[in-house]
Amino acid sequence: MTGHWNDYDHDGAPADATGRPGTENGMSRRQLMRHAAWFGGAVVLTVAGGQVVSQVAEARDSTAPGMAGAAADNGALRFVQVSDSHIGFQGPANMDVAGSFSEAIHQVNSLGFRPDFVMHSGDLTHLSTAGQFDQVKQMMTGMRTDRVFTVPGEHDSIGDAGRAYRRTFGTGTLGDGWYSFDTHGVHFIALVNTMSLEKLGHLGNTQIDFVRKDIAGLSSDTPVVVFSHIPLFAMYPRWGWSTDDALKVIALLRRFSSVTCLNGHVHQLFTKTEGNITFHSATTTAYPLPHPGRAPAPTPQVVPARQLKAALGIRTVGYRRGDRELAVKDERLS
């Protein structure tokens, strides 16, 4: 391991290329399936005939062709993304975030295969205290996997510019905690866009230079996966759900035939494809946030217990050598 777009109008309705709210008649089937992720239901992405195909599936559906094929292939890469555990949060939106994170860990351990690694994409803690970092680290030792990787969220750097986070999780990383690694023919880059946070996420020139040098020697047919906490696309900038200098990194990644960007932060599922780059926003193990524009601000949502459980989950990802894309499956805790 070396050193570790806005599709919505003002009220959150899907907008077409002219900025007008989209309707069912004005959207392709593929767009409808992608946007359905806002309203519940797991989203499975597989590859058929070189095309990325999206479908809404049951949370426990293990028949998705891309994921099933990867699970059956002993040489496949299989990993899990968890996000936004917010250990230390106390409030009516979830009175037991440690309990729901424990349930997510149990789900990881019950997948029917041992993930090659687990990536936590930020906001491990809620207030970045030493006790909260220790608690989440100890909890993650219970995951049946060979390795656990992390990137920090803005809640992991409260008051100390991320020093407590890096003391716990930053061994072997560069700068504010960024790094890269390779496995199964896939190149992974973990970025930090939460340390210079005003409204939007920010990477900074030093980190962008790291990416430029990191990928310089890679063949253009190398699959690349990028992790960050805040989205690298303009999901909903007025709530800070974007990264102000992300396009500089995206430009560097355009030459690769397959790029997958995975983020947390927004506490809900969303998928967006721009050419060779697919962006996936993950759900949370803590509490839901409102859909873009459906509330005055992105504050924790209080929902009935059954709905809360259905809003939380994990992400499994499979990849077989020779595939053009990763097969992504989002699973609810319910």
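In the block above lies the structure referred to throughout.
The structure reproduced in this document is the subject of the present report. Keep in mind that what you see is a predicted model, and the values were worked out from it rather than measured. (Residues numbered from 1 in each chain as written. Predicted model: local features only at pLDDT ≥ 70, side-chain atom pairs only at ≥ 80, totals over all residues. Heavy atoms only, no water.)

### Some words on the environment of Met-143
Along the polypeptide, Met-143 turns up in the loop between helix H4 (130–140) and strand E5 (148–150). Judged by its relative accessible area of 5%, Met-143 is buried. Between the alpha carbons of Met-143 and Val-118 there is a distance of 8.2 Å; along the sequence they are 25 residues apart. When neighbours within four sequence positions are excluded, Met-143 is seen to be in contact with Val-82, Phe-101, Ile-105, Asn-109, Val-118 and Val-148. (Helix = DSSP H or I, 4+ residues; strand = E, 2+ residues; numbered from the N terminus. Buried < 20%, exposed > 50% of the residue type's maximum accessible area, 1.4 Å probe, protein only. Contact = heavy atoms within 4.5 Å.)

### Re the pairing of strand E6 (residues 179–183)
The element E6 is extensively covered by neighbouring structure, given that four of its five residues are classed as buried. Where E6 lies against strand E7 (residues 186–190), five bridges are found, and the strand directions are antiparallel. Looking at the pairing, Ser-180 lines up with Ile-189 of E7. (Pairing = 2+ DSSP bridges.)

### Some remarks on the packing of aromatic side chains
Counted by the stated rule, this structure contains 20 aromatic pairs. Ring centres 4.8 Å apart and planes at 5° place the aromatic pair Phe-181 and Phe-188 in the stacked group. Owing to a relative accessible area of 0%, Phe-188 belongs among the buried residues under this scheme. What links up through ring pairs into an aromatic cluster is the set Phe-79, Phe-117, Phe-149, Tyr-179, Phe-181, Phe-188 and Phe-227. (Phe/Tyr/Trp six-rings, centres within 6.5 Å; stacked < 30°, edge-to-face > 60°.)

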